[in-house]
Amino acid sequence: EQLQSSPSTTPNDNKQLPPATVPGDRMNATFVTLARNSDVWEIAKSIRNVEDRFNRKFNYDWVFLNDDDFNDEFKSVTTALVSGKTRYGKIPKEHWSFPEFIDQDRAAKVRDEMKEKKIIYGDSISYRHMCRYESGFFFRHELMLEYEWYWRVEPSIELYCDIDYDTFKFMAENKKKYSFVLSLYEYVETIPTLWNAVKNFTKAYPEHVTEGNMMKFLSDDNGDSYNHCHFWSNFEIGNLNWLRSQAYIDYFESLDHAGGFFYERWGDAPVHSIAASLMLKKEEIHFFNDIAYYHVPFTHCPTGEKYRLDHKCHCNPKDNFDWNGYSCTARYYEVNGMEKPAGYEKEQ
Ligand code: GDP
Ligand code: MN
């Protein structure tokens, strides 16, 4: 019954969990997690964090996707923890396999070379399918088609401050389409020809490049070269209709045919970030300074003591990555003409 019901737009009322404490309508939104059965206890921790700090007040749904069938343990543990409806989807084989245009020998050779060079996940086939799936398919999974907004959650993450407002409603009311909490430089070894592929795309589809975009976040020379800045995509709150737009689909198809998901090891983080920075207006990308977050090995702990105390934060401000030289968040502030939060120098 629970698995087949349609997305909820009102707070959950049939769970033995704390009832939603925030009254009013809900957005057409869901959490989404890609996971294996073996991730159950690590995703359980993430869910507990998200529920305690946010979702127990709102009861949003949670969609779980897997290239395999979820087992009963995974389903019962996660359903017990989520205060909204839970739904479990299997990824169709066509979305998790090598496209026919990929040369298997060439792809295998690359994996050997990357293993030699000790590039993280360099020899992994499944990691490549995962990155390609997150880049081009999760938002068109049958279960996701019913929603307009998503919040991506991975295993083993932490949230450190209370979130007392509806982040999905915030996105809609402020005309945001994509968001982040951590930004950094990508390992160039994993994406040597990604920017070339992006340039081929923008040449073929100039109509998809939006005026007033955030190119300056990506490039210091007007698009000639990529500076490797990207938003970390293990956290995302975003608009699914944007990802399902012709512009984004043309972009993904174009990159996919370039082959770099298999001939290199393109991550979904730079793929999403470049899309957002070229195809959205810069005002449509939001930095959630107030969502305190950890995914190994980086922490975003909001700058500003008053905020942290008011929201019962339990992160150490010394761990905040934002003003570290390897973060691109200062650049994000600069290209948007935003003033950095008071006290940021002390947390550098
Ligand atoms: P990292 O954060 O880049 O180190 O990568 P993760 O191991 O956290 O993987 C990213 C996301 O994809 C997580 O939500 C994983 O649970 C999920 N994931 C990774 N590989 C697979 C896989 O082979 N199958 C499934 N179903 N999920 C996967
Ligand atoms: Mn992860």
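Per an unreviewed UniProt entry, the protein goes by the name Glycolipid 2-alpha-mannosyltransferase and belongs to Massariosphaeria phaeospora.

A. Representation of the layout of surface pockets in the model. Of the volumes computed, that of the largest pocket is approximately 1,000 Å³. Looking at the largest pocket, it is lined by 36 residues, and the ones nearest its centre are Y121, Y127, M130, E154 and H295. Looking at the lining of the largest pocket, the element that brings in the most residues is helix 4 (residues 125–136), giving five residues. Considered class by class, the residues forming the lining of the largest pocket number 19 nonpolar, eight polar and nine charged.

B. The coordination of the manganese ion (ligand 2), seen in detail. Those donors, E154 (OE) and H295 (NE2), are the protein atoms that reach the manganese ion (ligand 2), and they lie 1.9 to 2.2 Å from it. Here H295 lies in strand 11 (residues 293–295) and E154 lies in the loop between strand 4 (149–152) and strand 5 (158–159), a separation of 141 residues in the sequence. Considered together, E154 and H295 belong to a single accessibility category, that of buried residues.

C. Structural detail: the environment of K282. Along the chain, K282 turns up in the loop between helix 11 (268–279) and strand 10 (285–287). C-alpha of K282 to C-alpha of A258: the two residues are 24 residues apart in sequence and 27 Å apart in space. Aside from chain neighbours lying at most four places away, what touches K282 is G212, N213, M214, V335 and N336.

D. Broad picture of the confidence of the model for the protein. For the protein, mean pLDDT is 94; residues scoring 70 or higher make up 95% of the total. Mean pLDDT across the elements of the protein ranges from a minimum in helix 12 (residues 305–310), with 94, to a maximum in strand 4, with 99. Among the prediction metrics, the complex's ipTM stands at 0.99, with pTM recorded as 0.95.

E. How the structure looks around the state of the cysteines. Throughout the structure, instances matching the rule amount to three disulfides. Across a sulfur-sulfur distance of 2.0 Å, C161 and C313 are joined as a disulfide pair. Torsion about the S-S bond of the C161 and C313 cystine: about 115°, corresponding to right-handed handedness. Taken together, the positions of C161 in the loop between strand 5 and helix 5 (167–173) and C313 in the loop between helix 12 and helix 13 (329–335) put the pair 152 residues apart, joining distant regions of the chain. For the residue pair C161 and C313, the accessibility class agrees, reading buried in each case. Residue C229 pairs covalently with C328 via a disulfide, S to S 2.1 Å. As the torsion about the S-S bond is roughly -85°, the C229-C328 disulfide counts as left-handed. Within this pair, whereas C229 is found in strand 8 (residues 229–231), its partner C328 is found in the loop between helix 12 and helix 13, the two being separated by 99 residues in sequence. The buried category is assigned to C229, whose relative accessible area is 0%.

F. Spatial organisation of the nonpolar core. If you look at the biggest cluster of nonpolar residues, it comprises 60 residues, and the most contacted ones within it are F138, Y248 and Y251. Every residue in contact with Y251, bar those within four places of it in the chain, is listed here: V198, F201, P270, V271, I274, A275 and M279. Formed by 38 residues, the second largest nonpolar core is a distinct cluster that contains V40, I47, L182 and F235.

G. How the structure looks around the site of ligand 1. Around ligand 1, a shell composed of 14 residues is seen, among which L34, A35, D67, Y121 and Y127 lie nearest. D39 is positioned such that a nitrogen or oxygen atom in its side chain is 2.9 Å from an oxygen atom of ligand 1. One of the side-chain N or O atoms of Y121 is found 2.5 Å from an oxygen atom in ligand 1. For ligand 1, whose unbound accessible area comes to 570 Å², protein coverage reaches 85%. A majority-of-atoms criterion places ligand 1 in the largest pocket. Looking at which element gives the most residues to the shell around ligand 1, the answer is helix 4, with three residues. Of the residues in the shell around ligand 1, the class split is seven nonpolar, three polar and four charged.

Conventions adopted
Residues numbered from 1 in each chain as written. Chains lettered and ligands numbered in written order. Predicted model: local features only at pLDDT ≥ 70, side-chain atom pairs only at ≥ 80, totals over all residues. Heavy atoms only, no water. 1 Å grid on protein atoms, 1.4 Å probe; cavity = no way out; pocket = protein on both sides within 12 Å on 5 of 7 lines; lining within 4 Å. Points joined across faces, edges and corners; volume = space filled by probe spheres on them. Helix = DSSP H or I, 4+ residues; strand = E, 2+ residues; numbered from the N terminus. Nonpolar A, V, L, I, M, F, W, Y, C, P; charged D, E, K, R; others polar. Donors = N, O, S within 2.8 Å, 3.2 Å for Na, K, Ca; no water. Buried < 20%, exposed > 50% of the residue type's maximum accessible area, 1.4 Å probe, protein only. Contact = heavy atoms within 4.5 Å. pLDDT = per-residue confidence, 0-100. Disulfide = S-S within 2.5 Å. Core = buried A, V, L, I, M, F, W, Y, C linked by side-chain atoms within 4.5 Å. Near = heavy atom within 4 Å. Polar contact = N/O pair within 3.5 Å; in protein donor to acceptor, adjacent residues only side chain to side chain. Areas by Shrake-Rupley, 256 points an atom, 1.4 Å probe, with all protein chains shown as cover. Sits in = over half its atoms within 2 Å of the grid points.

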